[in-house]
Each structure stands twice: as structure tokens, then as C-alpha cells.
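# Structure at a glance
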Amino acid sequence: MIPIHESSGVVSFAVRVQPRASRDEIAGEYQDGLKIRLTAPPVDDRANEALRKLLASRLNVPLAAVRIASGEHSRTKRVEIRGVTADLIRALA
């Protein structure tokens with residue numbers, strides 16, 4: 001089960017990103033995080049923006065509610081999302 005921290009209306013959890021995949025998808029759990037495959041390359045923050053858009057659309061929140069808290073230049077990231085619950089994040093996996 002993915003460790004998810006919930007505080008003051010913000011949910012934070014780890015994400016493992018696989019850029020340049022054949023399609024955008026949430027591929028389940030991977031090493032205490034959510035594995036997400038993205039078609040975008042890891043160049044000029046395109047993969048980070050694709051990650052934010054995918055999570056915002058799946059969780060039905062505005063793009064501004066999704067923030068990459070750490071790991072912007074790494075495959076392993078910590079994401080913070082405002083306006084969702086930990087149960088919604090667990091449902092994605």
C-alpha cells in the first residue's frame with residue numbers, strides 16, 4: 001500500500017514516472033509509490049506537465065491543485081494535490 005500523507009486539505013505521495021511510454025496511464029504501485037507511464041519526453045518539463053495534467057484529469061481537480069513538491073528532475077517525485085482525499089489516491093492504484 002502506498003504511504004500517503006494527508007494534512008490541511010493536501011494529500012502528498014510518491015510517484016515513479018516512466019517517460020516516453022507508448023501511452024499515458026497509471027500502472028499501479030511501484031516501490032512505495034504510484035507508477036505512472038507518460039508519452040512525454042523528460043525534456044523542458046514536458047513530462048512534469050503531462051504528469052500534472054494526467055493526475056488532475058483522473059482526480060477531477062484543477063491543474064493548479066496538482067504540484068510537484070520534489071524530484072522535478074528525477075523519475076521519483078513527491079506530488080501534492082489539494083482538494084482530494086487519501087482514499088481517492090488509493091483508488092487510482
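Look up: the structure comes first, before these words.
What this report covers is the structure whose coordinates are included nearby. Counting from 1, residues in each chain are numbered in the order their sequence is written. Selection of residues for local features in this predicted model requires a pLDDT of at least 70, selection of side-chain atom pairs for listing and counting requires 80 or more, and totals for whole chains, interfaces and linings are taken over all residues. Neither water nor hydrogens contribute to the side-chain values; these are computed over all heavy atoms in the structure.

## With respect to the overall build of the chain
Using the following cut-off: Secondary structure elements follow DSSP: runs of H or I of four or more residues count as helices, runs of E of two or more count as strands, with numbering from the N terminus. Here the radius of gyration uses the C-alpha set of atoms, whereas the globule reference equals 2.2 Å times the residue count to the power 0.38. Note on exposure labels: buried denotes an accessible area under 20% of the residue type's maximum, exposed denotes more than 50%, and partly exposed covers the range between, all computed with a 1.4 Å probe on protein chains only.
When helices and strands are counted, the chain shows two helices and six strands. Helices (α) and strands (β) of the chain occur, in sequence order from the N terminus, as β-β-β-β-α-β-β-α. Against the globule reference of 12 Å for 93 residues, the chain gives a C-alpha radius of gyration of 12 Å, in line with a compact fold. When burial is assessed residue by residue, the chain has 44% of its 93 residues classed as buried.

## Looking at the pattern of salt bridges
Formally: Salt bridge, as used here: a side-chain nitrogen of Lys or Arg that lies within 4 Å of a carboxyl oxygen of Asp or Glu.
Under the counting rule described, the total for this entry stands at five salt bridges. A salt bridge links Arg-37 to Glu-25; its shortest N-O distance comes to 2.8 Å. Here the residue Arg-37 occupies a position in strand β4 (residues 34–37), and Glu-25 occupies one in strand β3 (residues 25–29), the gap between them amounting to 12 residues. The class for Arg-37 is partly exposed, based on a relative accessible area of 26%. Asp-87 serves as the salt-bridge partner of Arg-90, at 3.7 Å between the closest nitrogen and oxygen. With Arg-90 and Asp-87 both in helix α2 (residues 86–92), this residue pair falls three residues apart, about one helical turn. Residue Asp-87 is classed as exposed on the basis of its relative accessible area, which comes to 56%. Within this structure, Arg-23, Glu-25 and Arg-37 form a network of salt bridges that share partners.

## Re the pairing of strand β5 (residues 66–70)
The following threshold applies: One requirement defines pairing of two strands: DSSP has to find at least two bridges between them.
Where β5 and strand β6 (residues 76–82) come together, four bridges link them in antiparallel fashion. Looking at the pairing, Ile-68 lines up with Val-79 of β6. Linking β5 back to β6 in an antiparallel pair, the connection comprises five residues, with Gly-71 at a positive phi of about 85°.

## Section: helix α1 (residues 46–59)
Note: α-helices contain 3.6 residues per turn, so residues at a spacing of three or four share the same orientation. Our working definition: A helix's residues, less one, multiplied by 1.5 Å, set its expected span.
Its 14 residues give α1 an end-to-end C-alpha distance of 20 Å, which sits within 8% of 20 Å, the value for a rise of 1.5 Å per residue. In the stretch just after α1, Asn-60 is the one whose phi turns positive, near 60°.

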